[in-house]
Amino acid sequence: WHAWEIPPTDRSELDTARFVLENDEYVCVYIIVTFMWILTIINGLRLISQLLLAITQIPTSKHKGERLLRQDGEDYQILALSYSAKIMGVACVLYRIFISSTITWVGCQFLMWTSTNIELILNALALTFILELDRITYKAAISRARQNLISKLKRLHWRDPT
């Protein structure tokens, strides 16, 4: 008998694994989808590392009354960060690394136990939605005035350590 002769709802975990390994077409789709998932996560980690570089390389304000922002026309530039803002920024970076690594692991497990091509594609789409939740939450929770202020911040520049 072959695992693909069993209806998908009646498969055990062993039968699902056997089905995946014996079906060449599915293996190709699985490899492509998993590869794209991992590349997406790597891109997210690259953005997190750029945030960490920017936080660590922006000067720390020395005095309590020191200006932290400068307005250039309609744009704003960050001049310095307070010590507490830097600590909060590093904490956010560590939190995002933890979330990214957890989502990577769970997402790969989620894809690995999918047994049909259509389920694989739908599950990959669901994982993409999960990655977009931070942007959706930002748009829904932050006021329009604050979003406009953030959009007017000049891009942060940092030295690449390599």
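Up top is the structure.
Residues numbered from 1 in each chain as written. Predicted model: local features only at pLDDT ≥ 70, side-chain atom pairs only at ≥ 80, totals over all residues. Heavy atoms only, no water.

(A) Structural context of a nonpolar patch on the surface. Residues Ile32, Phe35, Met36, Ile38, Leu39 and Ile42 make up a contiguous nonpolar surface patch of about 560 Å² in total accessible area. Residue position: methionine 36 is located in helix α2 (residues 24–57). (Patch = residues over 30% accessible without salt bridge, like charges linked within 9 Å, V, L, I, M, F, W, Y side chains within 5 Å. Areas by Shrake-Rupley, 256 points an atom, 1.4 Å probe, with all protein chains shown as cover. Salt bridge = Lys/Arg side-chain N within 4 Å of Asp/Glu carboxyl O. Helix = DSSP H or I, 4+ residues; strand = E, 2+ residues; numbered from the N terminus.)

(B) Spatial organisation of the nonpolar core. The biggest cluster of nonpolar side chains holds 10 residues, and these are Tyr26, Tyr30, Val33, Trp37, Ile41, Cys108, Leu111, Leu120, Ala124 and Leu127. Only α2, α3 (83–112) and α4 (117–141) provide two or more residues apiece to this core. Among the elements that take part in this core, α2 stands out by supplying five residues, more than any other. Contacts of tryptophan 37, omitting those with residues within four sequence positions, involve Ile103, Thr104, Gly107, Cys108, Leu111, Leu127 and Leu131. (Core = buried A, V, L, I, M, F, W, Y, C linked by side-chain atoms within 4.5 Å. Buried < 20%, exposed > 50% of the residue type's maximum accessible area, 1.4 Å probe, protein only. Contact = heavy atoms within 4.5 Å.)

(C) Focus on the pairing of strand β1 (residues 69–72). Taken together, the four bridges between β1 and strand β2 (residues 75–78) define a ladder with antiparallel strand orientation. From the neighbouring strand, leucine 69 faces β2, where its bridge partner is isoleucine 78. Where β1 folds back onto β2 in an antiparallel hairpin, the turn is made up of two residues, including glycine 73, whose phi is positive at roughly 70°. (Pairing = 2+ DSSP bridges.)

(D) Looking closely at the pattern of salt bridges. Counted by the stated rule, this structure contains four salt bridges. The salt bridge involving aspartate 72 is made with arginine 70; its shortest N-O contact spans 3.5 Å. Here arginine 70 falls in the partly exposed class, since its relative accessible area comes to 35%. Here arginine 135 ties to aspartate 134 by a salt bridge, and the two come within 3.8 Å at their closest N and O atoms.

(E) Spatial organisation of the environment of serine 61. Within the secondary structure, serine 61 is located in the loop between α2 and β1. Looking at serine 61, the relative accessible area reads 17%, which means it is buried. Taking the C-alpha atoms as reference points, serine 61 and tyrosine 83, 22 residues apart in sequence, are found 7.1 Å from one another. Apart from the residues within four sequence positions on either side, serine 61 is in contact with Glu66, Leu68, Ala80, Leu81 and Ser82.

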